[in-house]
Amino acid sequence: PPVCNGLVCFSNYTSKSASTVGTALFVNQARIPFLLTEAELARMAGEILEWSPQILDFDPVHGAWFALYCERRGIKFPSVKFILGSYEFVSVVHRKILQRVFGVPVFNLYGATEAGHLLMENEVGEMKASLENVFYEIVEPDGRGVGDLVVTTLTNDFMPLIRYRVGDLVERGEQPYATNYLIHGRSRDILRRRDGRRVTTLDIDQCFAGANDFAHYQLRQTADGDCRLQFIPDREEPGAEELKRVTEQIENLLQLENRIATKAVKILPPLPSGKFRLTCRA
């Protein structure tokens, strides 16, 4: 049987050759996954099959697009036990595709470049903090308790951070014997209802919870409050009723007077950092 080497990470290297660090294989990918050729996707799948990892660590947009290729080609990775979604917001759209294609659990691993790993999803979907390494604060919370995450590192002697504002909106749920967290997305990516209340990326993403046929999307709000939804289809474009159901949920959430304009596209570009924005204001 093949030797299991642990982990495969999808990175944004520009080199065409893969690299290894210990038991981790870094599979190179294009900055925009939708531009990958069939040959490049086949090479990446071949490297993973040869490495036989237990864990796949995906940027969720890249992972979902790669999963659709594997689904078309009937490629399976029998050694994989679970998938980590990291680097950006893990949408229900991307999670659904990853679980459907690979048939293993998908766990959200949330962190920051400056502070390291901060929150990790457990088997029942709860986001748990690493209290031994970081002290967590939620500042300037709104009426729902959603506020900016501020962290103080406890074990980083080389670059300690004191009350560092990460830039993400987080909601803390206090329970008698546990504390859970909900990640609402980047604070700069909020949208606004007509009454002025902010709507987070998580709020919008929940409108896609029961939807099919979306591989990726972006909802952009203009200065006057109107919205435009661009999306990349999954295996086929969503039907009229499916699209209407999703857009009506978003319209009700944002208190829109006008219908949301929708458009199926082949490419949605990322930011210069490589991150994709699911929601943004013009």
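Report follows, based on the coordinates. (Residues numbered from 1 in each chain as written. Predicted model: local features only at pLDDT ≥ 70, side-chain atom pairs only at ≥ 80, totals over all residues. Heavy atoms only, no water.)

### Examining the nonpolar core
Here is step 1 of the chain: Among the nonpolar cores identified, the biggest contains 37 residues, and Phe66, Phe77 and Phe102 are the most heavily contacted of them.
Here is step 2 of the chain: Breaking this core down by element, the ones donating at least two residues are β1 (7–11), β3 (24–28), α1 (38–51), β4 (55–58), α2 (60–73) and α3 (92–102).
Here is step 3 of the chain: With eight residues, α2 is the largest single contributor of residues to this core.
Here is step 4 of the chain: Discounting residues that sit within four places of it in the chain, Phe102 has contacts with Phe58, Phe66, Ala67, Cys70, Phe77 and Ile83.
Here is step 5 of the chain: Residues Val199, Cys227, Leu256 and Ile260 belong to the second largest nonpolar core, which totals 23 residues. (Core = buried A, V, L, I, M, F, W, Y, C linked by side-chain atoms within 4.5 Å. Buried < 20%, exposed > 50% of the residue type's maximum accessible area, 1.4 Å probe, protein only. Helix = DSSP H or I, 4+ residues; strand = E, 2+ residues; numbered from the N terminus. Contact = heavy atoms within 4.5 Å.)

### Quick look at the pattern of salt bridges
Here is step 1 of the chain: Following the criterion strictly, the structure yields 20 salt bridges and no others.
Here is step 2 of the chain: Here Arg198 ties to Asp142 by a salt bridge, and the two come within 3.3 Å at their closest N and O atoms. Here the residue Arg198 occupies a position in strand β14 (residues 198–199), and Asp142 occupies one in the loop between β9 (134–139) and β10 (146–153), the gap between them amounting to 56 residues.
Here is step 3 of the chain: Among the residues examined, Asp142 registers a relative accessible area of 24% and is labelled partly exposed. (Salt bridge = Lys/Arg side-chain N within 4 Å of Asp/Glu carboxyl O.)

### A closer look at the state of the cysteines
Here is step 1 of the chain: All chains considered together, the criterion is met by zero disulfides.
Here is step 2 of the chain: Cys227 takes part in no disulfide bond, and the closest cysteine sulfur to it belongs to Cys280, at a distance of 9.6 Å.
Here is step 3 of the chain: Residue Cys227 is classed as buried on the basis of its relative accessible area of 8%. (Disulfide = S-S within 2.5 Å.)

### Some points on helix α5 (residues 240–254)
Here is step 1 of the chain: With 15 residues, α5 should cover 21 Å at 1.5 Å per step; its first-to-last C-alpha distance of 21 Å lies within 8% of that length.
Here is step 2 of the chain: Where the residues of α5 are buried, they touch β13 (191–192), β14, α4 (201–205), β15 (214–221), β16 (227–233) and β17 (261–264).
Here is step 3 of the chain: Where α5 terminates, the next one or two residues include Gln255, which has phi positive at roughly 60°. (Expected span 1.5 Å × (residues − 1).)

### Let's talk about the layout of surface pockets
Empty space left among the atoms is revealed by rolling a probe the size of a water molecule over them.
Here is step 1 of the chain: Empty space within the largest pocket amounts to approximately 1,100 Å³.
Here is step 2 of the chain: Where the lining of the largest pocket is concerned, the elements lending two or more residues are β1, β4, β6 (106–112), β7 (116–121), β11 (164–175) and β12 (178–186).
Here is step 3 of the chain: Residue contributions to the lining of the largest pocket peak at five residues, all from β6.
Here is step 4 of the chain: The residue makeup of the lining of the largest pocket, split by class, is 19 nonpolar, 12 polar and 10 charged.
Here is step 5 of the chain: Considered as a void within the structure, the second largest pocket measures approximately 240 Å³ in volume.
Here is step 6 of the chain: Elements supplying a minimum of two residues to the lining of the second largest pocket: α3, β12 and α4.
Here is step 7 of the chain: Tallying contributions element by element places β12 first for the lining of the second largest pocket, with three residues.
Here is step 8 of the chain: Of the residues assigned to the lining of the second largest pocket, the class counts are eight nonpolar, four polar and three charged. (1 Å grid on protein atoms, 1.4 Å probe; cavity = no way out; pocket = protein on both sides within 12 Å on 5 of 7 lines; lining within 4 Å. Points joined across faces, edges and corners; volume = space filled by probe spheres on them. Nonpolar A, V, L, I, M, F, W, Y, C, P; charged D, E, K, R; others polar.)

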